[in-house]
Amino acid sequence: MKKKKIMTAAWMICIGLLAGCGGKTADQNIAEGMEKIKRLDYGGALESFEAARGAGENERLLYRGMGLAYMGMTDYAQAIENFNTCLQLSNGMIQNVDFDVNYYLAAAYYKSGDAKSAEAAYTAILELRGEETDAFFLRGTMRLALDEYEAAQEDFDRVLAQTNKNPDRLIAIYQAFDENGYRDIGRQYLENALAENGERMNPYDKGRICYYLEDYQQACNLLEEAKDAGTAESFLYLGRAYEATGDYNYAASVYNSYIAKDTSNAEIYNQLGLCLMRQGAYQQALETFQKAMNIENNGIMQTLQFNEIAAYEYLGDFQRAAVLMNNYIATYPDDTKAQREYEFLKTR
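Reading the values: the criteria
- Residues numbered from 1 in each chain as written.
- Predicted model: local features only at pLDDT ≥ 70, side-chain atom pairs only at ≥ 80, totals over all residues.
- Heavy atoms only, no water.
- Helix = DSSP H or I, 4+ residues; strand = E, 2+ residues; numbered from the N terminus.
- Rg over C-alpha atoms; globule rule 2.2 N^0.38 Å.
- Buried < 20%, exposed > 50% of the residue type's maximum accessible area, 1.4 Å probe, protein only.
- Contact = heavy atoms within 4.5 Å.
- Areas by Shrake-Rupley, 256 points an atom, 1.4 Å probe, with all protein chains shown as cover.
- Lys, Arg positive; Asp, Glu negative; His and termini not counted.
- Charge placed at Lys NZ, Arg CZ, Asp CG, Glu CD.
- pLDDT = per-residue confidence, 0-100.
- Phe/Tyr/Trp six-rings, centres within 6.5 Å; stacked < 30°, edge-to-face > 60°.
- Lys NZ or Arg CZ within 6 Å of the ring centre and 35° of its normal.
- Polar contact = N/O pair within 3.5 Å; in protein donor to acceptor, adjacent residues only side chain to side chain.
- Core = buried A, V, L, I, M, F, W, Y, C linked by side-chain atoms within 4.5 Å.
- Expected span 1.5 Å × (residues − 1).
- Arc of directions from axis to C-beta.
- Disulfide = S-S within 2.5 Å.
- Salt bridge = Lys/Arg side-chain N within 4 Å of Asp/Glu carboxyl O.

**Quick look at the overall build of the protein chain**
- The number of helices and strands found in the protein chain is 20 helices and zero strands.
- On C-alpha atoms alone, the protein chain measures out to a radius of gyration of 22 Å, which is about the 20 Å that the 2.2 N^0.38 rule sets for 348 residues.
- For the protein chain, the C-alpha atoms occupy an extent of roughly 60 × 55 × 40 Å along the three principal directions.
- A burial count over the protein chain gives 48% of its 348 residues as buried.
- Sequence-distant contacts in the protein chain: of pairs separated by 6 or more residues, those separated by 24 or more amount to 49%.
- Surface summary for the protein chain: the accessible area is close to 16800 Å², and the carbon and sulfur share equals 46%.
- Charge-centre separation for the protein chain: the mean point of 34 positive side chains lies 1 Å from the mean point of 51 negative side chains.

**Re the confidence of the model for the protein chain**
- Looking at the protein chain, pLDDT values average 91 and 92% of them are 70 or higher.
- A low-confidence stretch, residues 1-7 (pLDDT under 50), is modelled with 18 contacts involving residues beyond four sequence positions or located in other chains.
- Segment residues 15-24: pLDDT under 50, and 14 contacts once partners within four positions in sequence are set aside and those in other chains are kept.

**Re the packing of aromatic side chains**
- Evaluated as defined, the whole model comprises 17 aromatic pairs.
- Across from the ring centre of phenylalanine 99, 3.5 Å away, lies the NZ or CZ of arginine 129, which sits over that ring.
- Here arginine 169 stacks its cationic end above the ring of phenylalanine 137, 5.6 Å away from the centre of that ring.

**What about the environment of aspartate 262?**
- Inspection of the secondary structure puts aspartate 262 in the loop between helix 15 (248-259) and helix 16 (266-278).
- In this structure, the C-alpha to C-alpha distance between aspartate 262 and glutamate 81, residues 181 residues apart in sequence, is 44 Å.
- At a separation of 2.8 Å, a polar atom in the side chain of aspartate 262 contacts the side chain of tyrosine 258.
- Of note is the side chain of aspartate 262, whose polar atom sits 2.6 Å from the side chain of serine 264.

**Focus: the nonpolar core**
- Within the largest apolar cluster, 113 residues are counted, with the highest numbers of intra-cluster contacts made by Phe49, Phe83 and Phe156.
- Aside from chain neighbours lying at most four places away, what touches phenylalanine 156 is Phe137, Gly140, Thr141, Leu144, Ile173, Ala176, Phe177 and Tyr189.

**Some words on helix 9 (residues 149-162)**
- For helix 9, spanning 14 residues, the distance from its first C-alpha to its last is 20 Å, which sits close to the expected 20 Å at 1.5 Å a residue.
- All of the buried residues in helix 9 are Ala152, Asp155, Phe156, Val159 and Leu160. Buried residues of helix 9 fall within an arc of 140° about the axis and therefore sit on the same side. Exposed and oriented more than 90 degrees from the buried face of helix 9 are Glu150, Glu154 and Ala161.
- The inward-facing, buried residues of helix 9 contact helix 8 (133-145), helix 10 (167-179) and helix 11 (183-197).
- With its phi angle positive at about 55°, asparagine 164 sits one or two positions after the end of helix 9.

**Details of the environment of glutamate 57**
- Counting through the fold element by element, glutamate 57 comes out in the loop between helix 3 (42-54) and helix 4 (59-72).
- We classify glutamate 57 as buried; its relative accessible area is 12%.
- Glutamate 57 sits 29 residues away from glutamine 28 along the chain, and the two C-alpha atoms are 8.2 Å apart.
- Each residue touching glutamate 57, except ones within four places of it in the same chain, is listed here: Asp27, Gln28, Asn29, Ile30 and Ala52.
- A polar atom in the side chain of glutamate 57 sits 3.0 Å from the backbone nitrogen of isoleucine 30.

**Some details on unusual backbone geometry**
- We note that aspartate 147 has phi near 60°; this positive angle belongs to a residue other than glycine.
- When its relative accessible area of 54% is taken as the criterion, aspartate 147 is described as exposed.
- Unusually for a residue other than glycine, asparagine 297 sits at a positive phi of about 50°.
- Its location among the elements puts asparagine 297 in the loop between helix 17 (282-293) and helix 18 (301-314).

**Looking at the state of the cysteines**
- Per the counting criterion, the structure on display carries zero disulfides.
- A disulfide-free cysteine, cysteine 220 has its sulfur positioned 10 Å from the sulfur of cysteine 210, the nearest such atom.
- Residue classification places cysteine 220 among the buried residues on the basis of a relative accessible area of 0%.

**With respect to the pattern of salt bridges**
- Evaluated as defined, the whole model comprises 20 salt bridges.
- A salt bridge links arginine 53 to glutamate 50; the nearest nitrogen and oxygen atoms lie 3.3 Å apart. Of this pair, arginine 53 and glutamate 50 both sit in helix 3, three residues apart, roughly one helical turn.
- Across the pair arginine 208 and aspartate 205 runs a salt bridge whose closest N-O atoms are separated by 2.7 Å. Note that arginine 208 and aspartate 205 are positioned in helix 12 (residues 203-212) at a spacing of three residues, about one turn of the helix.
- On the accessibility criterion, arginine 208 (5% relative accessible area) is buried.
- Owing to a relative accessible area of 13%, aspartate 205 belongs among the buried residues under this scheme.
- If you follow the salt bridges from partner to partner, you end up with Lys116, Glu119, Arg139, Arg143, Glu148 and Asp155 in one network.

Here's what the structure looks like:
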């Protein structure tokens, strides 16, 4: 689970890069392959890339795309081979593709269990672009995974210096420490931020930090102010803070009040579903997850599908849960938690 959480940050950065290196191009088969990757059709993408090879299309983009397809199929060895081939085809002139392929390569190394090589890939990025904030952050997470927490701190301190101690980055750094067994060090970052800048923070940022410091009542008070801004994130944190106090009824009302004005945010629905699960309202939770799944381009389909399966389990419909879990594993084969759950379901 720790590994999956760490890679969430890396994969989200990579997805952002995906949009910047595809687009309309004369390399039609490669463009079609990239579209198939976005639809999670990795086998179809590989067919398009083979057609691109036959048509003599851009080799570097071809190997980049094949690496992405293999990564989606969780064949990390093949992904690494293709990403490295893409990098080796460089003519010596540094291009944007060199940066984003190194990000993908690092993610593939880590997913394959090789955090040391992932760290080296981020270092390669920093040798080309010495102020690349994302690379410093992600290299820091790799160093934590390698139990090199002092080196990780150096990277994270660079991130905070470059971003003027941006609260989002600050929280991400805390989470990285927490997930790797260094919660006390992560808390120190948050506590220092409150001591140094707490008076100047807006209620939303200060409330989030209080939430992670487990000062839930203070977090609720501050985030009640913040929800006046009307953002989904402020409602999410407010609801989670009330959940942490055990007040699930009020938390659910927070999520529902946001949904009353905006039905397009899947994360709000998902959190409401989780809140309902904790209250034992499994049928309502199931329906809530399914409403979120119907939101186009919701961005969290894997999470929603897993939670839908959990809801069916709690409802005692193990046959339906097993069918859905079989489909889920076919799409996300590297989810080891789901694989263990599937073994359980097959016995019911």
